[in-house]
Amino acid sequence: MNWDDETAAADAERIVDASAEGDDQAVEAALRPKDLSEFVGQEKVRQQLDLVLKAARQRGATADHVLLSGAPGLGKTTLSMIIAAEMNAPIRITSGPAIQHAGDLASILSSLQEGEILFLDEIHRMSRPAEEMLYMAMEDFRVDVIVGKGPGATAIPLELPPFTLVGATTRAGLLPPPLRDRFGFTAHMEFYEPHELERVVRRSAGLLDVEIDTDGAAEIAGRSRGTPRIANRLLRRVRDYAQVRADGVITREIAAAALGVYEVDSRGLDRLDRAVLQALLKLFGGGPVGLSTLAVAVGEERETVEEVAEPFLVREGLLARTPRGRVATPAAWTHLGLVPPQAPGPGPAGKGQQGLFGA
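First, a word on scope: everything that follows refers to the structure included in this document. Values in this document were obtained by computation on a predicted structure and should not be read as measured data. (Residues numbered from 1 in each chain as written. Predicted model: local features only at pLDDT ≥ 70, side-chain atom pairs only at ≥ 80, totals over all residues. Heavy atoms only, no water.)

### Observations regarding the packing of helix 12 (residues 271-283) against helix 14 (residues 302-315)
Move 1: Between helix 12 and helix 14, the least distance of the axes is 10 Å, while the angle of their chain directions is 90°. What the angle tells us is that helix 12 and helix 14 run roughly perpendicular. For the pair formed by helix 12 and helix 14, the contact residues are Leu 272, Asp 273, Val 276 and Leu 277 on the first element and Thr 304, Val 305, Val 308, Ala 309, Phe 312 and Leu 313 on the second. (Axes fitted to C-alpha atoms, helices over the stretch in contact; angles between N-to-C directions. Helix = DSSP H or I, 4+ residues; strand = E, 2+ residues; numbered from the N terminus. Parallel < 35°, antiparallel > 145°, perpendicular 65-115°, else oblique. Contact = heavy atoms within 4.5 Å.)

Right, dumping it as structure tokens:
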């Protein structure tokens, strides 16, 4: 199991996990927009992609290869399906971890139809031999199939029909430059603003036949960590609460009470996030403290703290990574309702020195 798999396993039980597993995938299929006009958010990406697809249709050609990067749950898979719908083309879906040998990729490429969309999720996790075969396939629509082994091996060129590769990655920096350069259109998916997520929640509520008011949608959106997938998952959990413990209508009060049951606070922090902050503040006075020490204090693996909890805490401005270790920001003290320790007063030893937050 590699690092990505370990991170996914650690995230599996969190309601604020941005990956899709099990029932989430089936529900997402029903909630996905079908065309660019229905897609909420990512305004610049939508406009640019609309131009690329319309120009390709007018030329009667396949669209340029597309690379979509960004955090999980922001709509990369949805956009790939929209690309196929806009181009009126079939789509083939696979992933980097599923392609471990060049032969795996060759079998997929050789069975593509002309104009077909090949969606390759987590493209950065593809094996190196397959990656090198993809270079030629993307550029020349041709692959060399090796027959035999050793000195007697021969390369048989195999012509491919024109196709469009849509690659998705959560770690664009791991893609080698030769692969990135072969994509005609590259887009980075940004986290959503609360008002955009509110539109996502209200649209999904309509599709799920859930009655929700504006304040209820805003409450869910504000706790969704800028991610539509999380917003839709929270909506379903709030729907369950409203159905069982209320009259089925989602208001701000109902949403807040429901998400309190699932330990998701007003800024979208869950149990693990708060445990990291509480350990940092209460046990280590706000830091700096080393990652391994902090992980032991929380009772989690080092990788879990670094890869699962910290990215959101850093993005929210609650925690900072410094050369000396992890440090809590003033916002972290405020959010947990704690008072930061007072800096030592001026004196012979401390004259002219600043406290933890510059006081």
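### Side note on the pattern of salt bridges
Move 1: Per the stated rule, a full pass over the model turns up 21 salt bridges.
Move 2: Between Arg 267 and Glu 316 there is a salt bridge, and its shortest N-O distance comes to 3.3 Å. With a gap of 49 residues between them, Arg 267 in the loop between helix 11 (252-261) and helix 12 and Glu 316 in the loop between helix 14 and strand 10 (319-322) connect regions that are remote in the sequence.
Move 3: On the basis of relative accessibility, which here comes to 24%, the residue Glu 316 falls in the partly exposed class.
Move 4: A salt bridge links Glu 300 to Arg 271; its shortest N-O distance comes to 3.6 Å. Of this pair, Glu 300 sits in the loop between helix 13 (291-298) and helix 14 while Arg 271 sits in helix 12; the two residues are 29 residues apart in sequence, bridging distant segments of the chain.
Move 5: Since its relative accessible area comes to 28%, Glu 300 is described here as partly exposed.
Move 6: Ionic contacts of the salt-bridge type, sharing partners, join the residues Arg 302, Glu 306, Glu 310, Arg 321 and Arg 326 into one network. (Salt bridge = Lys/Arg side-chain N within 4 Å of Asp/Glu carboxyl O. Buried < 20%, exposed > 50% of the residue type's maximum accessible area, 1.4 Å probe, protein only.)

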